[in-house]
Amino acid sequence: MTHATAFTPAEIGGLARRIDRPVVLVGLMGVGKSTVGRRLAALLDTDFIDVDEEIERAADRSVSEIFEAHGELYFRAGERRVIARLVEEGHGVIATGGGAFVDPETRALILDRAIAVWLDCDIDTLVERTARRDSRPLLRKGDPRAILTQLKDQRGDAYAEAQVHVVTDDAPHTETALSVLSAIDAWL
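Worth saying up front: this structure is predicted, and the values here are computed from it rather than measured.

Caption draft 1: Here's a closer look at the environment of Ile 19. Its location among the elements puts Ile 19 in the loop between α1 (9-18) and β1 (23-26). Put simply, Ile 19 and Asp 185 are 166 residues apart on the chain and 8.9 Å apart in space, counted from C-alpha to C-alpha. When neighbours within four sequence positions are excluded, Ile 19 is seen to be in contact with Leu 44, Ile 115, Ile 184 and Leu 188.

Below, the structure is given as structure tokens:
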């Protein structure tokens, strides 16, 4: 299994059986954690959970509303509890919010009990993707390009602790999901 697109269904099934813990996707907003995560889960024939969606469902409020009402520290504490529960429940693929893995406690939990996959891409792609939705609280405070560049610089060292690193750039989501499988296969 050397090339990402060369997986047969039997090879994917064999890899899925070797993955003994949740695959947790980390990285900046806009890298494709949710979209790639859904495709990855389908390939592995497992479930997919988006942490932000889970938080919104539990709180009956949007992430933006939680940020505005209580601030980032409050949000990160709740996010950590949700991630811990999802990992404990053994979900197959979990997509985190962009800042989750930066929190030292959350990062330690994920590294200890899951396979962290850092999805990474260039700033131009991030700017283009994040401009599609106005639901990103951290981008409302100024120039999105400058904010994303600063976040990438600030968070890069934390993301680099992930066991697996996949550059997504502008590849189709299914191709990225196959690249994730290939990278996990090489790591295992």
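Caption draft 2: Focus on unusual backbone geometry. The phi dihedral of Asp 45 falls on the positive side, at around 55 degrees, and the residue is not glycine. Assignment of secondary structure puts Asp 45 in the loop between α2 (33-44) and β2 (48-50). We note that Asp 60 has phi near 55 degrees; this positive angle belongs to a residue other than glycine. Position of Asp 60 among the secondary structure elements: in the loop between α3 (51-59) and α4 (63-70). Overall, Asp 60 belongs to the exposed group, its relative accessible area being 70%.

Caption draft 3: Region of interest: the pairing of strand β4 (residues 115-120). Of all six residues in β4, six are buried, a share of seventy percent or more. Every second residue of β4 is oriented toward a common face, with Ile 115, Val 117 and Leu 119 on one face and Ala 116, Trp 118 and Asp 120 on the other, all of them buried. Sheet topology places β1 next to β4; four bridges connect them, and they run parallel. Bridge pairing in β4 links Leu 25 to Val 117. Relative to strand β5 (residues 164-167), β4 is paired through four bridges, and the arrangement is parallel. Counted as the bridge partner of Trp 118 is His 165 from β5.

Definitions and limits used
- Along each chain, residue indices are assigned from 1 in the same order as the chain's sequence is written.
- Note on the predicted model: pLDDT of at least 70 is required for a residue's local features to be given, and 80 or more for side-chain atom pairs to be given and counted; whole-chain, interface and lining totals, by contrast, use all residues.
- For side-chain calculations, the full set of non-hydrogen atoms in the structure is used, while hydrogens and water are omitted.
- Only runs of H or I of at least four residues qualify as helices and only runs of E of at least two qualify as strands under DSSP, and these elements are numbered from the N terminus.
- It only takes one pair of heavy atoms within 4.5 Å for two residues to be counted as in contact.
- Any residue under 20% of the maximum accessible area for its type is buried, any over 50% is exposed, and the rest in between are partly exposed; the area is computed with a 1.4 Å probe on protein chains only.
- Any two strands with at least two DSSP-identified bridges between them are counted as paired.

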